[in-house]
Amino acid sequence: MTAGVVVKYDQITPFSRGDGVQTRLMVGKRNADTTPFTTGTTAFPPGSAAPLHSHNCDEQVTILEGQAEALVGGEVMSLGPMDSTFVPANVPHYFRNSGPGRLVILWIYGARDVTRTFTETGETVPHMSARDQV
């Protein structure tokens, strides 16, 4: 059992997701043996987006910076700083940077082992794997 983990955000190596999108894993199975969840941030340059997709677990997203267009539960909405969403497992959703600056989201998955299924192709990939691109 672990005694805990401290994560220094500026020491996290970004994971490139393509199109200038970068993800940083904060807490997950890679650095916390017993965590029941996975957390991190993703930064989107203007005009970029995560494609329509779903996960094998619940997800909570909070907008930290910028403006987003989000599709959640079949509804498209505009979100700004500190707005939050809850997306149940297997529900298709996306987040798109709709503002002039960068969009930064904080995400929390309710699982250690997270997958992403791209709605357009049906392909399922492990979270933050080489195929987990935007």
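Residues numbered from 1 in each chain as written. Predicted model: local features only at pLDDT ≥ 70, side-chain atom pairs only at ≥ 80, totals over all residues. Heavy atoms only, no water.

## Describing the overall build of the protein
The number of helices and strands found in the protein is 0 helices and 12 strands. Secondary structure of the protein in N-to-C order comes out as β-β-β-β-β-β-β-β-β-β-β-β. Rg of the C-alpha trace for the protein: 14 Å, near the compact-globule value of 14 Å for 134 residues, within the 12% margin. Oriented by its inertia axes, the alpha-carbon framework of the protein measures out at about 40 × 30 × 25 Å. Split into buried and exposed, the 134 residues of the protein put 41% on the buried side. Across the protein, contacts joining residues at least 24 apart in sequence account for 62% of those joining residues at least 6 apart. When the accessible surface of the protein is summed, it comes to about 6900 Å², and 54% of that surface belongs to carbon and sulfur atoms. (Helix = DSSP H or I, 4+ residues; strand = E, 2+ residues; numbered from the N terminus. Rg over C-alpha atoms; globule rule 2.2 N^0.38 Å. Buried < 20%, exposed > 50% of the residue type's maximum accessible area, 1.4 Å probe, protein only. Contact = heavy atoms within 4.5 Å. Areas by Shrake-Rupley, 256 points an atom, 1.4 Å probe, with all protein chains shown as cover.)

## A look at empty space enclosed by the protein
Taken as a whole and assessed by the stated rule, the structure comprises 1 cavity of 30 Å³ or more. Here the largest cavity is characterised by a volume of approximately 110 Å³. The wall of the largest cavity is formed by 15 residues, among which Arg 17, Glu 59, Ile 105, Tyr 109 and Arg 116 lie closest to the centre. Of all elements in the fold, only strand S3 (38-44), strand S5 (59-65), strand S9 (93-97) and strand S10 (103-109) reach the threshold of two or more residues within the lining of the largest cavity. (1 Å grid on protein atoms, 1.4 Å probe; cavity = no way out; pocket = protein on both sides within 12 Å on 5 of 7 lines; lining within 4 Å. Points joined across faces, edges and corners; volume = space filled by probe spheres on them.)

## What to know about the environment of Glu 65
With respect to the helices and strands, the residue Glu 65 is situated in strand S5. In this structure Glu 65 comes out as partly exposed when scored by relative accessible area, which is 32%. For the pair Glu 65 and Arg 116, spaced 51 residues apart in sequence, the C-alpha to C-alpha distance is 23 Å. With residues near it in sequence (within four places) discarded, Glu 65 still touches Arg 102, Leu 103 and Val 104. Polar contacts involving the side chain of Glu 65 include one to the side chain of Arg 102, which spans 3.1 Å. (Polar contact = N/O pair within 3.5 Å; in protein donor to acceptor, adjacent residues only side chain to side chain.)

## With respect to the layout of surface pockets
In this structure, the largest pocket occupies an estimated 150 Å³ of space. Every residue lining the largest pocket is listed: Leu 25, Gly 28, Lys 29, Arg 30, Thr 38, Arg 112, Asp 113, Val 114, Thr 115, Pro 126, His 127 and Met 128. The residue inventory of the lining of the largest pocket, partitioned by class, reads 4 nonpolar, 4 polar and 4 charged. (Nonpolar A, V, L, I, M, F, W, Y, C, P; charged D, E, K, R; others polar.)

## Considerations on the nonpolar core
Among the nonpolar cores identified, the biggest contains 21 residues, and Phe 44, Ile 63, Leu 79, Phe 95, Leu 103, Ile 105 and Trp 107 are the most heavily contacted of them. Of all elements in the fold, only S5, strand S6 (68-72) and S10 reach the threshold of two or more residues within this core. Top element by residues in this core is S10. It accounts for 4 residues. Contacts of Leu 79, omitting those with residues within four sequence positions, involve Ile 63, Gly 66, Gln 67, Ala 68, Ala 70, Thr 85 and Phe 95. (Core = buried A, V, L, I, M, F, W, Y, C linked by side-chain atoms within 4.5 Å.)

## Remarks on the packing of aromatic side chains
Taken as a whole and judged by the stated rule, the model has 1 aromatic pair. Each ring, one from Trp 107 and one from Tyr 109, has its centre 5.0 Å from the other, and the planes form 35°; the classification is tilted. For the pair shown, Trp 107 and Tyr 109 are each scored as buried. (Phe/Tyr/Trp six-rings, centres within 6.5 Å; stacked < 30°, edge-to-face > 60°.)

## So, the environment of Leu 103
Secondary-structure assignment places Leu 103 in strand S10. Note: C-alpha distance between Leu 103 and Phe 86 (17 residues apart in sequence) is 18 Å. With sequence-adjacent residues up to four places away left out, Leu 103 is seen in contact with Thr 42, Ala 43, Phe 44, Ile 63, Glu 65, Gly 66, Gln 67, Ala 68, Arg 96 and Asn 97.

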